[in-house]
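Coordinate inspection notes
The primary structure of each chain is shown beneath.
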Amino acid sequence: MEPKTKKKQRRFSSLSSDEIQLLIEKKDSENTQKLTKNAVGTLIAFCNEISLEESPPKDVEYLEKLSKEELSELLTAFYSNARKKNGENYKKSALMGLRFGLQRHFLLKKNVDIIGDQEFAKSNQVYEAATVELKRQGFGNVEHHNAILREDLQKIQLSYNPVPDPKSLQRFVWFNIMFHLIRRGRENLRLVTKQLFAIKTDATGRKFVYQAADELDKNHRGHDNADDSPGEGHLRAAFARIPDDSQR
């Protein structure tokens, strides 16, 4: 009986074309993917509303079969007539987001750049005119959350109890992480472990917490420079109680 030949172990993976396409689509953040999906859905809804009643419903496949000229004509009408579900005007930033989402979709699916390609010159002119009109009508402002008052920050810090209940302690810790370490709200919080952070002492002898490990988030993707900082903020001992080495 001849000995079985050992199957040579493969060094490299062998992704299919569909898997490679999925890899490309997933390189952007989850929010970017949602924005893209929403933009395409909005354009499809616009197509179905302006189409004749007897015509078949429009879908993603319909959009992707359009020529550049047909797509530019559609976008020309879309930019000037885009409205929210309640019929109100979009904010300028929202219309900008729709355009970005559509650009990303058609680049991925058709290798067509609705912003850079010459065939879309007219639709881009209409987009610029639409954003100017939105700004003229007062839809250009971006509404931000109010800043946290110093008095409220003091209340939060003073609310810390040396022997707090678990829920209060959790809230106190998460607030300090998000506020002082300059995180994007709750992004990636479920993935945070204590290994993500480290404690150092500055030149004055004060301890501070900083983010020691890199992570993937909306503002830090695969194209970052090697010297990009994984975390811009520092949590100083003056703002929160940092334990001694024996307590960690």
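All of these numbers come straight from a predicted model, not from anything done at the bench. (Residues numbered from 1 in each chain as written. Predicted model: local features only at pLDDT ≥ 70, side-chain atom pairs only at ≥ 80, totals over all residues. Heavy atoms only, no water.)

Moving on: the packing of helix α4 (residues 68-81) against helix α5 (residues 92-110). It is the contact of α4 with α5, at a shortest axis distance of 12 Å, that shows an interaxial angle of 165 degrees. Overall, the two elements α4 and α5 adopt an arrangement that is roughly antiparallel. Taken as a pair, α4 and α5 cross one another with a handedness that is right-handed. Contact residues: Leu71, Leu75, Phe78 and Tyr79 in α4; Leu95, Leu98, Arg99, Leu102 and Phe106 in α5. Of the residues assigned to the contact of α4 with α5, the class counts are eight nonpolar, no polar and one charged. (Axes fitted to C-alpha atoms, helices over the stretch in contact; angles between N-to-C directions. Helix = DSSP H or I, 4+ residues; strand = E, 2+ residues; numbered from the N terminus. Parallel < 35°, antiparallel > 145°, perpendicular 65-115°, else oblique. Left-handed = near helix turned anticlockwise from the far one by under 90°. Contact = heavy atoms within 4.5 Å. Nonpolar A, V, L, I, M, F, W, Y, C, P; charged D, E, K, R; others polar.)

On the surface, Leu15, Ile20, Leu23 and Ile24 cluster together to form a nonpolar patch covering roughly 350 Å² of accessible area. Along the chain, the position of Ile24 falls in helix α1 (residues 17-25). Take Ile24: its relative accessible area is 34%, and that puts it in the partly exposed class. (Patch = residues over 30% accessible without salt bridge, like charges linked within 9 Å, V, L, I, M, F, W, Y side chains within 5 Å. Areas by Shrake-Rupley, 256 points an atom, 1.4 Å probe, with all protein chains shown as cover. Salt bridge = Lys/Arg side-chain N within 4 Å of Asp/Glu carboxyl O. Buried < 20%, exposed > 50% of the residue type's maximum accessible area, 1.4 Å probe, protein only.)

Once that is clear, we can look at the packing of helix α2 (residues 30-50) against α4. Remark: α2 packs on α4, axes separated minimally by 11 Å, with the N-to-C direction vectors making an angle of 100 degrees. When the interaxial angle is binned, α2 and α4 end up roughly perpendicular. Mapping the contact onto sequence places Thr42, Leu43, Phe46, Cys47 and Ile50 in α2 and Leu74, Leu75, Ala77, Phe78 and Asn81 in α4. In terms of residue class, the contact of α2 with α4 is made up of eight nonpolar, two polar and no charged.

Summed over all chains, the structure comprises four aromatic pairs. Here Tyr79 and Tyr127 contribute two aromatic rings whose centre-to-centre distance is 5.3 Å and whose plane-to-plane angle is 65 degrees, an arrangement assigned as edge-to-face. Taken as a pair, Tyr79 in helix α4 and Tyr127 in helix α6 (residues 121-136) lie far apart in primary sequence, 48 residues in all. According to the relative accessible area criterion, Tyr79 is buried, its value standing at 2%. Residue placement shows Lys58 over the ring face of Tyr62; its charged tip is 5.3 Å from the ring centre. A cation over an aromatic ring shows up here: Arg99 above the ring of Tyr127, its NZ or CZ 3.9 Å from the ring centre. (Phe/Tyr/Trp six-rings, centres within 6.5 Å; stacked < 30°, edge-to-face > 60°. Lys NZ or Arg CZ within 6 Å of the ring centre and 35° of its normal.)

As enumerated under the stated definition, the model contains five salt bridges in all. Across the pair Lys84 and Glu88 runs a salt bridge whose closest N-O atoms are separated by 3.7 Å. For Glu88, a relative accessible area of 44% puts it in the partly exposed group. Glu133 is the salt-bridge partner of Arg136, the closest N and O atoms lying 2.4 Å from each other. Placement of both Arg136 and Glu133 in helix α6 is noted, with a separation of three residues, approximately one turn of the helix. By relative accessible area, which is 62% here, Arg136 ends up exposed. Residue Glu133 is classed as partly exposed on the basis of its relative accessible area, which comes to 31%. Through salt bridges that share partners, Lys68, Asp117 and Glu119 make up one connected network.

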